Amino acid sequence: MVDLEDAVVRFRAHSPEAALQLFAATCVERVWATGLLVWSRQTGREQDTAFVVGCLERIWSDLPMAERDRAEMRERVEALPELTVEEQPSGPLFHPHYAALCLRAAMSPGDRGESIDVTDLSLLMSEYADALDEQFQDSSEATWHAEVASQLAAIGRLEAGPPTEGWAGVAGAMRVVARREGRSRGERLRPLVDGG
């Protein structure tokens, strides 16, 4: 079996900026399905929701995104209430907190000069999936295994290089998959959110 950490390190070292951004896009699309689900139960989060939805659109379509734009978005992400607390929230608020952490990583440069810290993002996504398995009381770790498989599939597709029409040609199909995976996770989480 392919080791995810090794695959991410190799991908990070040899991939163009647009491929790193599309990998980040698949991750944040999946994780924000649960973050937005929680926000939809809260009043007064309409502006934050619009901002995050706008971020997702930009990550998928602005390939590659200018560092200045990424820095501006990162500053807005860091101002979200989920990232201004001293302790990690529990209960339903845990989900938008982790989603905000992942979005910040998707907007942050890596420690080796790459445009996006895909290593940290991959780790955060895996940790979040593991935490979901605990909430679902799933000893088979199905969510974690699915997350690893999703990341490896995205890396495999992106390492194949862009189609003749460019990276935008693969972005649409990858977004459909990521959105479906995120919604499936959100549907599984919904009873816990509504009950919490």
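Whatever comes next refers back to the structure up there.
I will try to describe carefully the structure that is included in this document. This structure is a prediction, so every number in the text was calculated from the model and none was measured.

So, the overall build of the protein
On a plain count of helices and strands, the protein comes out with eight helices and zero strands. The burial tally for the protein puts 49% of its 196 residues in the buried class. Of the contacts formed within the protein by residues at least 6 apart in sequence, a portion of 70% connects residues at least 24 apart. Accessible surface for the protein amounts to roughly 9500 Å². Of this, 51% is attributable to carbon and sulfur atoms. Averaging the locations of the 20 positively and 33 negatively charged side chains of the protein gives two centres separated by 6 Å.

Description of helix α8 (residues 168-195)
For α8, built from 28 residues, the straight-helix expectation of 40 Å at 1.5 Å per residue is met to within 8% by its first-to-last C-alpha distance of 40 Å. Residue Leu 189 marks the point of greatest curvature in α8, where the axis turns by about 45 degrees; the proline Pro 191 follows within four residues. Along α8, the residues classified as buried are Val 170, Ala 171, Met 174, Arg 175, Ala 178, Gly 182, Arg 185, Gly 186, Leu 189 and Val 193. The inward-facing, buried residues of α8 contact α2 (17-39), α3 (46-61), α5 (94-106), α6 (118-136) and α7 (142-159).

Focus: the pattern of salt bridges
Per the stated rule, a full pass over the model turns up 18 salt bridges. A salt bridge links Arg 10 to Glu 159; the nearest nitrogen and oxygen atoms lie 3.8 Å apart. Taken together, the residues span a long stretch of sequence, with Arg 10 in helix α1 (residues 4-14) and Glu 159 in helix α7 at a distance of 149 residues. Since its relative accessible area comes to 40%, Arg 10 is described here as partly exposed. Of the charged contacts, one joins Arg 190 and Glu 187 as a salt bridge, the two residues approaching to 2.6 Å between their closest N and O atoms. Here Arg 190 and its partner Glu 187 are both found in helix α8, three residues apart, which amounts to about one turn of the helix. By relative accessible area, which is 48% here, Glu 187 ends up partly exposed. Shared partners join several salt bridges into a network, and the residues in it are Glu 17, Glu 67, Arg 70 and Arg 74.

Let's talk about α6
Here α6 is 19 residues long and its end C-alpha atoms lie 27 Å apart, about the 27 Å a rise of 1.5 Å per residue gives. For α6, the full list of buried residues reads Val 118, Leu 121, Ser 122, Leu 124, Met 125, Ser 126, Tyr 128, Ala 129, Ala 131, Leu 132, Asp 133 and Phe 136. On its buried side, α6 packs onto α1, α2, α5, α7 and α8. Backbone geometry just after α6 places Gln 137 at a positive phi near 55 degrees.

Quick look at the side chain of Ser 108
Take Ser 108: it is sitting in the loop between α5 and α6. Classification of Ser 108 by relative accessible area gives buried; the value is 15%. Within the structure, Ser 108 has its side chain in polar contact with the backbone oxygen of Arg 104 (distance 2.6 Å). The contact partners of Ser 108, leaving out residues within four places of it in the chain, are Arg 74, Ser 115, Ile 116 and Asp 117.

Brief notes about the packing of aromatic side chains
Scanning the entire structure with this criterion turns up five aromatic pairs. Judged by centre distance (5.0 Å) and plane angle (55 degrees), the ring pair of Trp 32 and Trp 39 falls under tilted. Side by side, Trp 32 and Trp 39 carry an identical accessibility label, which is buried. With 5.2 Å between their ring centres and 50 degrees between their planes, Phe 94 and Tyr 98 make a pair best called tilted. Taken together, the residues span about one helical turn, with Phe 94 and Tyr 98 both in helix α5 at a distance of four residues. On the basis of relative accessibility, which here comes to 7%, the residue Phe 94 falls in the buried class. For Tyr 98, a relative accessible area of 8% translates into the label buried. Taken together, the ring pairs connect Phe 94, Tyr 98 and Tyr 128 into an aromatic cluster.

Calculation notes
Within every chain, residues take consecutive numbers counted from 1 along the sequence as written. Restriction of local features to residues with pLDDT of at least 70 applies here, the model being predicted, together with a cutoff of 80 or more for giving and counting side-chain atom pairs; totals for whole chains, interfaces and linings are based on all residues. Each side-chain value is worked out from all heavy atoms of the structure, with water and hydrogens disregarded. Counting from the N terminus, the helices are the DSSP runs of H or I reaching at least four residues and the strands are the DSSP runs of E reaching at least two. Using a 1.4 Å probe on the protein chains alone, a residue whose accessible area is under 20% of its type maximum counts as buried, one over 50% counts as exposed, and one in between counts as partly exposed. Should any heavy atoms of two residues lie within 4.5 Å, those residues are considered in contact. Here, Shrake-Rupley sampling with a 1.4 Å probe gives the accessible areas, and only protein chains in the shown set may cover a residue. Only four residue types enter the tally: Lys and Arg on the positive side, Asp and Glu on the negative side, with His and both chain ends excluded. Where a charge sits is defined by one atom per residue type, namely NZ (Lys), CZ (Arg), CG (Asp) or CD (Glu). In a helix, the anticipated span is given by 1.5 Å times the number of residues less one. Working definition for bend: take the seven residues up to and ending at a residue and the seven starting at it, fit an axis to each, and measure the angle between the axes. The salt bridge definition used is simple: a Lys or Arg side-chain nitrogen within 4 Å of an Asp or Glu carboxyl oxygen. Here a polar contact is recorded for every N or O atom pair within 3.5 Å, except that within protein the pair must consist of a potential hydrogen donor and a potential acceptor, and residues adjacent in sequence are included only if both atoms are side-chain atoms. Ring pairs are drawn from Phe, Tyr and Trp, using the six-membered ring of Trp, whenever the two centres fall within 6.5 Å, and their geometry is named by plane angle: stacked under 30 degrees, edge-to-face over 60, tilted for the rest.

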